[in-house]
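Commentary on secondary and tertiary structure
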Amino acid sequence: MFLDFRRDVESLLRDSLDRCEFESMIREEGTIDLELETCPHADLASTVSFRLAPVLRRSPASIAKDLENMIELPPDGLVGRVEAMGPYLNFFSSRRFLDSVLVQAQGDECWNASPKGRAIVEHTSANPNGPLHVGHIRNSVIGDTLVRILRRAGYDVESQYYVNDMGRQIAIVVWGLDRYPMDESKPDHAIAKVYIEANRDLEADLSLVSGVDELMQRYEAGDQEVAARFRSAVDLALFGLGETLVRLNISHDSYHWESEFVRDGSTEQILRSLELTGLTELDEGALQLDLSSEGFEKKLVLKRSDGTSLYTTRDLAYHRWKAQVSDRVVDVLGADHKLISGQLKAALRLMEVREPEIVIFEFVSLPTGSMSTRTGKFITADELLDEVESQAYQEVTTRRPEEGEEFRRAVAKDVGLGAVRYDIVKVSPDKATTFDWKSALDFEKLSAPFIQYSHARACSILRKADQKEFDPRLLAAEEEVALIKKIAQFDMVIERAAAELKPHQLATYARELAESFNQFYRCSPVLEAEPRIKEARLALVNAARKCLKVTLETLGIPAMEAM
RNA sequence: GGGCGUGUAGCCUAGCCAGGACAAGGCGGCAGCCUCCUAAGCUGUAGAUCAGGGGUUCGAAUCCCCUCACGCCCGCCA
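Predicted, not measured: the structure shown is a model, and the values here were computed from it. (Residues numbered from 1 in each chain as written. Chains lettered and ligands numbered in written order. Predicted model: local features only at pLDDT ≥ 70, side-chain atom pairs only at ≥ 80, totals over all residues. Heavy atoms only, no water.)

This paragraph deals with the packing of aromatic side chains. Scanning all chains against the criterion turns up 15 aromatic pairs. Consider the rings of Trp111 and Phe490, whose centres lie 5.5 Å apart with planes at 75°: the pair is edge-to-face. Within this pair, whereas Trp111 is found in the loop between α5 (95-104) and β5 (117-122), its partner Phe490 is found in helix α20 (residues 490-500), the two being separated by 379 residues in sequence. Look at Trp111 and you get buried, because its relative accessible area is 3%. For the ring pair Tyr318 and Trp321, a centre distance of 6.3 Å and an interplane angle of 20° mean the geometry is stacked. Pair noted here: Tyr318 and Trp321 are both in helix α13 (residues 311-324), with a separation of 3 residues, about one helical turn. Aromatic ring contacts, followed pair by pair, group Tyr162, Phe261, Tyr318 and Trp321 into a single cluster. (Phe/Tyr/Trp six-rings, centres within 6.5 Å; stacked < 30°, edge-to-face > 60°. Helix = DSSP H or I, 4+ residues; strand = E, 2+ residues; numbered from the N terminus. Buried < 20%, exposed > 50% of the residue type's maximum accessible area, 1.4 Å probe, protein only.)

And the structure:
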């Protein structure tokens, strides 16, 4: 679709540069950047003339004119028109392009890119010491959307949850379970209560801390009885976490426990590999890595003086394994991991292991300050989902009073899920946000229901008519052409979001697509149009419906047929 | 103190990495549209020294430097 058009424009422009012999004049600088971009004035515009002007000592406008004159448009290509507008070189798609988009969009193949390789995306990986809160799910939603985008872009993706089962937090939970029984609530919530109580005790009486240390040492040493207690506590928490993730339409293909990488010896192998670099040293019994050559002043501790391993060392083992079995490794991490992930990458470089691509998201705070599992200051994802769904139920009851209970419940569930996911994914990950109930419960334009609604309207039209043969050339109204072009951009948006790992670009596209459809909906009546126009418009509605559905699914948001 | 990130209308956000043709949306405000395919929609309107200052450039919200404000980090925690 649009990528085909862009490829044709690139080749036409390169040919033209060759014919004008511009390229040879500045070849020593390498190939010319064609400077193609989408803009309001053309389907693709090039500003390459500005770049050429100082080298050729000519005005950008005259260069653009020459380039325009030297372009030979094939009679039946995707590029319909080229026009030098001052210094800009504007390219417009052809009628054939619009027709082919409309035909392709009736099928299912055009929504998936060709195979690219294997990718591993690690996301969520919250400590199993409590439920997911509204900060954690920013990780989950960004991560899961990236998984879906990469799949669309042609990657064979495995999503992984890295379980921190060897950390202090989980040892505190295991220790606390001896003193406090879990109550009847959802297991992750019950574990959090134990964790909060245990922390309170440990802070009140520092002599208790040795009990936690001992548990950690026995776990790492392979004590069977302790291992069983750890496993049982972690499993309980993960079970609860998993239920929340299901509500968010998120699932992981595999779970990997930190302790795996200790037991199979790969953490020890990491230590040996790093010792070979000659940059390690013992300081008071602890093994440290000097990363000053990589720009880190502080030394990275790899092994405690009591011989136990540390999070980063185990993480290095995990990352070396991931790099070995895939073509792309992506981690989604909170802003508090910026430094440590930089050190991780540096250590991997020293071992000549391919570094992961790290997507950092900034924190979600509450109006009252930052969240904390330890002190119990958080809004859980479960609470949020309950509240949003209940609000959505009221909305749908107001708007569709004639519909039955079952319909309204189902719509509320899908609207609620969509609203939560879209609200998170629409914001760029590097923006810190403050959680706000009012905005979370808003179902208007800049939200998922806006897009779901467009899809439902398209479905409603299609339900009322049978699709027959159509002539795409009959779609020439401004809004119709704009909608076709917007649909065509799907492949480019996916490619870019997958390359840059920016899921919010897809959220922006989804809103634009829905807007284009709504404008078409207003201007072009379908069912009442004369037969041949009606068939063509039905085909466009069908194309838009498919594109909206695929876009929503890639965002992990349900596309209902009615709402 | 050092590092990283952010600062765009009353509020929230896109655009910034790859500088280019009028800074794009939403919420809220104001004025309209349901004898017409679902009004969770659509149309119009008002509202911006793109944090501030300097620099590079034919051209800067976008690149560089400085300042200010906010967030995160700088553990033998994870």
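Throughout the structure, instances matching the rule amount to 50 salt bridges. One salt bridge connects Arg408 with Glu405, and the closest N-O pair in it is separated by 3.6 Å. In this pair, Arg408 and Glu405 are both assigned in helix α16 (residues 405-425), 3 residues apart and thus about one turn of the helix distant. For Glu405, a relative accessible area of 38% translates into the label partly exposed. When the shortest N-O distance is used, the salt bridge between Glu480 and Arg537 registers 2.8 Å. (Salt bridge = Lys/Arg side-chain N within 4 Å of Asp/Glu carboxyl O.)

So, on to empty space enclosed by the protein. Scanning all chains against the criterion turns up 2 cavities of 30 Å³ or more. Considered as a void within the structure, the largest cavity measures approximately 90 Å³ in volume. Glu122, Tyr311, Thr312, Asp315, His319, Asp331, Leu333, His337, Ile340, Ser341 and Leu344 are the residues that line the largest cavity. Within the residue set of the lining of the largest cavity, elements represented by two or more residues are α13, β11 (328-334) and α14 (338-350). Ranked by residue count, the leading element in the lining of the largest cavity is α13, at 4 residues. Class assignment of the residues belonging to the lining of the largest cavity gives a composition of 4 nonpolar, 4 polar and 3 charged. In this structure, the second largest cavity occupies an estimated 40 Å³ of space. (1 Å grid on protein atoms, 1.4 Å probe; cavity = no way out; pocket = protein on both sides within 12 Å on 5 of 7 lines; lining within 4 Å. Points joined across faces, edges and corners; volume = space filled by probe spheres on them. Nonpolar A, V, L, I, M, F, W, Y, C, P; charged D, E, K, R; others polar.)

Let us look at the nonpolar core. Counting residues in each nonpolar core, the largest one holds 151 residues, and the members touching the most others are Phe5, Leu67, Phe91, Trp111 and Ile487. Broken down by element, this core gets its largest block of residues, 11 residues, from helix α22 (residues 531-554). If sequence neighbours within four positions are ignored, Ile487 has contacts with Met1, Val101, Ala105, Trp111, Tyr509, Leu513, Leu540, Ala543, Ala544 and Cys547. If you look at the next biggest cluster of nonpolar residues, it comprises 21 residues, including Ile270, Leu287, Leu300 and Ala347. (Core = buried A, V, L, I, M, F, W, Y, C linked by side-chain atoms within 4.5 Å. Contact = heavy atoms within 4.5 Å.)

Further remarks concern a nonpolar patch on the surface. A surface patch of nonpolar side chains, amounting to about 290 Å² of accessible area, comprises Phe50, Met85 and Tyr88. Its relative accessible area of 47% is what places Met85 among the partly exposed residues. (Patch = residues over 30% accessible without salt bridge, like charges linked within 9 Å, V, L, I, M, F, W, Y side chains within 5 Å. Areas by Shrake-Rupley, 256 points an atom, 1.4 Å probe, with all protein chains shown as cover.)

Among the structural elements, Arg152 can be located in helix α6 (residues 136-152). The class for Arg152 is buried, based on a relative accessible area of 16%. When sequence neighbours within four positions are dropped, the list of residues in contact with Arg152 reads Trp111, Asn112, Ala113, Phe490, Ile494, Val550, Glu553 and Thr554.

You can see Ser428 is positioned in the loop between α16 and β14 (433-434). When sequence neighbours within four positions are dropped, the list of residues in contact with Ser428 reads Arg138 and His504. Within polar-contact distance, the side chain of Ser428 engages the side chain of Asp430 at 2.6 Å. (Polar contact = N/O pair within 3.5 Å; in protein donor to acceptor, adjacent residues only side chain to side chain.)

Attention shifts here to the sheet that holds strand β4 (residues 88-93). Here we have 4 strands laid out as an open sheet, ordered β1-β2-β4-β3, and antiparallel in their pairing. Whereas interior strands pair on both sides, the edge strands pair on one side only; in this sheet they are β1 (36-39) and β3 (79-85). Pairwise comparison of adjacent strand axes, ignoring direction, gives a mean angle of 30° for this sheet. Across the sheet, helix α4 (residues 60-70) is in contact with β3 and β4; its angle to β3 comes to roughly 155°. (Pairing = 2+ DSSP bridges. Axes fitted to C-alpha atoms, helices over the stretch in contact; angles between N-to-C directions.)

Most of strand β2 (residues 42-46) sits inside the fold, with 5 of its 5 residues counted as buried. Two successive antiparallel strands, β1 and β2, enclose a turn made up of 2 residues. Pairing between β2 and β4: 3 bridges, direction antiparallel. The partner of Leu44 across the bridge, within β4, is Phe91.

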